[in-house]
Amino acid sequence: MEERTIHPDLESILYTREELTVAVKALGEKITQDYQGKDLVMVCILKGAAPFFTDLIRSIDLPMNIDFMVVSSYGASTKSTGEVQLVKDMSYSVSGKDVIIVEDIVDTGMTLSYLKKVFQDRNTNSVRIATLLDKPERRKVVLEPDYKCFTIPDAFVVGYGLDYAEQYRNLPDVGILAPRVYEK
Ligand code: 5GP
């Protein structure tokens, strides 16, 4: 196997690109089984979910529409403010559709409980959540993702779309950011 060096700002790697590929493909196959005959719309929450989203939709063998939304994020911080704002909305109606919201990580659950409500208010036929990572230890609201690839401990992770101060999104693996990076 090709020799790889770990990024110097990472404390450790949690999931390698190979493990991510296998998990995302398996999730795509599961969604393919579950959404036969449905009017599927996959909604990517930018920017963090972008790499996961593009891999996931290509693992789903069904007709679908895709769209993108932007919600407010942490900024250059590792803790959620709990305030969620819709920065960019979808470009068409989802009334009567079966929506899957695709997110990078569920942490406090505030973002997704807000988004779920937004979609329910738009008369969707169904709304489910697919997340790459779930960090249940920090949950502040009752929210269980319908689909997830991995459950992680309470650590701040970056890579495969996840950032710290807009950096590290392009790392192909998911790793724990060394605390010295955000504590300095
Ligand atoms: P929640 O509303 O569930 O607290 O937060 C969801 C958002 O917080 C995610 O979309 C992500 O942008 C950010 N977030 C939560 N935990 C982490 C983490 O460990 N690493 C990174 N990079 N972002 C996180």
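Residues numbered from 1 in each chain as written. Predicted model: local features only at pLDDT ≥ 70, side-chain atom pairs only at ≥ 80, totals over all residues. Heavy atoms only, no water.

Side note on the site of the ligand
Heads up, the rule is: Put simply, a residue is near a molecule or strand once any heavy atom of it comes within 4 Å of that molecule or strand. Any pair of N or O atoms that falls within 3.5 Å is considered a polar contact. Within protein, one atom must be able to donate a hydrogen and the other to accept it, and sequence-neighbouring residues count only if both atoms are side-chain atoms. The Shrake-Rupley method, run with a 1.4 Å probe, gives the accessible areas here. Residue values count only the displayed protein chains as cover. We count a stretch as a helix when DSSP gives it H or I for four or more residues in a row; a strand needs E for two or more, and each element gets its number in order from the N terminus. Side-chain classes are defined by residue name, with Ala, Val, Leu, Ile, Met, Phe, Trp, Tyr, Cys and Pro counting as nonpolar, Asp, Glu, Lys and Arg as charged, and the others, Gly among them, as polar.
The local shell around the ligand holds 17 residues, among which Asp 107, Thr 108, Thr 111, Val 157 and Asp 163 are the closest. Thr 108 has a polar side-chain atom sitting 2.4 Å from an oxygen atom of the ligand. Interatomic distance of 3.5 Å between a backbone N/O atom of Ala 155 and an oxygen atom of the ligand. Relative to its free-state accessible area of 510 Å², the ligand is covered by the protein chains to the extent of 93%. Of all the secondary structure elements, the ones that give two or more residues to the shell around the ligand are β5 (98-106) and α3 (110-120). Counting residues per element, the shell around the ligand draws most heavily on β5, at 4 residues. For the shell around the ligand, the per-class residue count stands at 8 nonpolar, 4 polar and 5 charged.

Examining the pattern of salt bridges
This is how the line gets drawn: We count a salt bridge whenever a side-chain nitrogen from Lys or Arg sits within 4 Å of a carboxyl oxygen from Asp or Glu. Classification of residues uses two cut-offs on accessible area relative to the type maximum, computed with a 1.4 Å probe and protein chains only: under 20% is buried, over 50% is exposed, and between them is partly exposed.
Scanning all chains against the criterion turns up 17 salt bridges. Across the pair Asp 39 and Lys 97 runs a salt bridge, and its minimum N-O distance is 3.6 Å. Linking Asp 39 in the loop between α1 (17-34) and β2 (40-46) with Lys 97 in the loop between β4 (86-88) and β5, this pair joins segments that are 58 residues apart in sequence. Overall, Asp 39 belongs to the partly exposed group, its relative accessible area being 40%. Arg 138 is the partner of Asp 107 in a salt bridge, and the nearest nitrogen-oxygen pair spans 2.7 Å. Of the two residues, Asp 107 is situated in the loop between β5 and α3 and Arg 138 in the loop between β6 (126-134) and β7 (147-151); the sequence distance between them amounts to 31 residues.

So, the sheet that holds β6
Convention followed: At least two DSSP bridges between two strands are needed for those strands to be called paired. Helix axes are fitted to C-alpha atoms over the stretch in contact, other axes to C-alpha atoms as well, and angles between N-to-C directions run from 0 to 180 degrees.
Ordered by their spatial adjacency, 6 strands build an open sheet running β4-β3-β2-β5-β6-β7, and the pairing between neighbours is mixed. Each edge of the open sheet carries a strand with a single partner, namely β4 and β7. This sheet shows a mean twist of 30° between the axes of neighbouring strands, independent of strand direction. Bridge count for β2 against strand β3 (residues 65-71) is 6 bridges, and the pairing is parallel.

Considerations on the packing of α1 against helix α2 (residues 50-57)
Convention followed: By the definition adopted for this analysis, an angle is roughly parallel if under 35 degrees, roughly antiparallel if over 145, roughly perpendicular if from 65 to 115, and oblique otherwise. Note on convention: the crossing is left-handed when the near helix lies turned anticlockwise from the far helix by less than a right angle, right-handed when the turn is clockwise. By definition, residues are in contact when any of their heavy atoms lie within 4.5 Å.
The N-to-C vectors of α1 and α2 enclose an angle of 55°; their axes lie 8 Å apart at closest approach. Between α1 and α2, the angle falls in the class oblique. Two packed elements cross with a definite hand, and for α1 against α2 that hand is right-handed. In this structure, α1 contributes Val 24, Leu 27, Gly 28 and Ile 31 to the contact, and α2 contributes Phe 52, Asp 55 and Leu 56. When its residues are assigned to classes, the contact of α1 with α2 shows 5 nonpolar, 1 polar and 1 charged.

Quick notes on α1
Rules: Each residue after the first adds 1.5 Å to the expected span of a helix.
Taking 1.5 Å of rise per residue, the 18 residues of α1 would be expected to cover 26 Å, and the 26 Å separating its terminal C-alpha atoms lies within 8% of that figure. Every buried residue of α1 is listed here: Leu 20, Ala 23, Val 24, Leu 27, Gly 28, Ile 31 and Thr 32. At its buried positions, α1 is contacted by β1 (10-15), α2, β5, β6, β7 and β9 (174-177).

Section: the side chain of Thr 32
Within the secondary structure, Thr 32 is located in helix α1. Looking at Thr 32, its side chain comes within polar contact range of the main-chain nitrogen of Asp 61, at 3.1 Å.

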